[in-house]
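Structure assessment
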Amino acid sequence: MSNPDLSDVTSHPDAATAGIVHIGIGAFHRAHQATYTDTAMAAKGGNWRIIGVSLRSTDIVDALNAQDGTFTLIERHPDGPKARRITSMSHAIAAARDITPVLEALADPAIRIVTITVTEKAYGIDRVSGMVQAEHPSVKHDLANPDKPAGLLGLLVAGLKRRKEAGVRAYTIVSCDNLPSNGRLLRDGVIDFAKRLDPGLAAWITDNVSFPATMVDRITPAATAATRADAKYLTGLYDPAAIETEPFSQWVIEDAFPDGRPAWEEGGAILVADVEPYECMKLRMLNGSHSLIAYMGQLGGYRYVRDAMASDAFSRLVTLHMQNAAATMPPLDGIDFSDYGADLVARFGNREIAHETNQIAMDGTEKLPQRIFAPVCDLPAGSKRLGTFALCFAAWLAVMRQRINSAKPNEVDQQLNDPRANDIVKAVGNHQDPIVIYEKLAYLPGWMPQQLQDDSVWRNAVIDRLSLLLSEGADTAIKRELAI
Ligand code: CS2
């Protein structure tokens, strides 16, 4: 490793008290919101430290608490990594051990904001109706045990109930997950959940809780032993909670914080009135391309995004997909989609970032609707731009087929790594025919929009590419796509 650079190692007043509860303290939160809050407090102060809640894992909680919530952030720049100690987190709580301290934190009048990164599958909200998914495991649990919730909606509502009863102002709730219209979706889900328990509480939430939408962006691979070794090298400290990320970071936030917020703009956050066009651009161009790279990369034998992008044909495919995705959106003031796409290609190709295609490939049933189905629905009939979307969906189908074929029976779930793994295995069974695989998976209940279910051009485009992927493999399919 070259040029260790400690110039960015900050130490700033951690005398401040907590004002935020964050749910889901994985690497992404630490690389993103915790870092913006750190910068904001260093620049402008404020009692905005973060109490981190982990819904499942206990290891990260123990690791953070053993070092007073402080952790090392490594930014992987092309000319070498830079380390920075982040001190915005006050402490962490493991909800799986005891929910009481989480509920106490949520009820504390000093807490004015609750931020969330729990990934798409933890919400339990139907994307179309905005109603809760009553069969979602944590929704089901929390509706039956509202005073001992274990999931997101149950916790948010239990915390608000305590505040209402104590006459404390509601907190502002900020989803920082890659979901379309994340503020509106979460608002609808929280209100519907509360209505099922107590309509008076639902009415209070409707009148008192703000749910700003956000677009979050920072490529953050899972931390590995190499992350921890580099953190030690750069800071001299062994840090089991160290994380690594790319230099780029973006946060677009709807400015709707009735009870204040940290000066996140000090870290570069953009505060706007309407986040949705930014969110749509990011979901379709960045995340959609990521899914294409992930599934085609899995089929083509690329472990890391950067390796796939080093192939000329692959990177041309990604550029083509970005052009196709850009064509599904109205223009966005101040943004040139082709510049945005070119920057994405450079970020994906960053040789310093070891981002596994397998990490992005997980939870396809949760990700593909907003990344692939929604933009296809916005293409004009007969558009030639359909191809790369169809290829991405076909690649997901092929990956599911391949993994079911190769996994040992007791490992299929783990191999598929999708909340609907059971449905997928049941539907695909031993079928190897592309037409049957498409028919079985595309029509999983409550998934592909009706418009696409009825669209024979889409169906044929996907089946055609799936046949090619299964018979000739990824390289041929890419060449063909570029030649169309
Ligand atoms: C990725 C995202 O894992 C995935 O599905 O597409 O986590 C992506 O890296 C981030 O959204 C980048 O901001």
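Residues numbered from 1 in each chain as written. Predicted model: local features only at pLDDT ≥ 70, side-chain atom pairs only at ≥ 80, totals over all residues. Heavy atoms only, no water.

1. Re the domain arrangement of the protein chain
Formally: An automatic or database domain assignment supplies the residue ranges for each domain. Throughout, a residue-residue contact means that at least one pair of heavy atoms, one from each residue, lies within 4.5 Å. Accessible area, probed at 1.4 Å, shrinks when two parts are joined; the buried area is that loss added up over both. A carboxyl oxygen of Asp or Glu within 4 Å of a side-chain nitrogen of Lys or Arg is what we treat as a salt bridge. Throughout this description, a polar contact denotes any pair of N or O atoms lying within 3.5 Å of each other; where both atoms belong to protein, one of them has to be capable of donating a hydrogen while the other can accept it, and for residues adjacent in sequence the pair is counted only when both atoms sit in side chains. Strands here are runs of E lasting at least two residues and helices are runs of H or I lasting at least four, both read from the DSSP assignment and numbered beginning at the N terminus. Three residue categories are used. Nonpolar comprises Ala, Val, Leu, Ile, Met, Phe, Trp, Tyr, Cys and Pro, charged comprises Asp, Glu, Lys and Arg, and polar comprises the others, including Gly.
Domains assigned within the protein chain are domain 1 (18-272) and domain 2 (276-483). Taken residue by residue, the interface counts 28 residues in domain 1 and 25 residues in domain 2. For the domain 1 face of the interface with domain 2, the top three residues by lost area are Lys121, Met215 and Ile219, together amounting to 25%. On inspection of domain 1 and its partner domain 2, the count reaches 6 salt bridges. With a shortest N-O distance of 2.6 Å, Glu366 and Arg127 are connected by a salt bridge. Run the count over domain 1 and domain 2 and you get 12 residue pairs in polar contact (both at pLDDT 80 or more). Those elements that provide at least two residues to the side of domain 1 that touches domain 2 are strand E3 (71-77), helix H7 (182-197), strand E8 (214-217) and strand E10 (250-254). Ranked by residues supplied to the side of domain 1 that touches domain 2, first place goes to E8 with 4 residues. By residue class, the composition of the side of domain 1 that touches domain 2 is 12 nonpolar, 8 polar and 8 charged.

2. Notes on the side chain of Arg30
Cut-off, in case you're wondering: Only protein chains enter the accessibility calculation, which uses a 1.4 Å probe; a residue is then buried when its area is under 20% of its type maximum, exposed when over 50%, and partly exposed in between. Charged-residue counts in this description rest on Lys and Arg as positive and Asp and Glu as negative, His and the chain ends being excluded.
As for its position among the elements, Arg30 is in helix H1 (residues 27-31). Asp239 provides the closest opposite charge to the buried, unpaired Arg30, separated from it by 6.7 Å. Within polar-contact distance, the side chain of Arg30 engages the backbone oxygen of Ile25 at 3.1 Å. Polar side-chain contacts of Arg30 include one of 2.7 Å to the backbone oxygen of Ala241.

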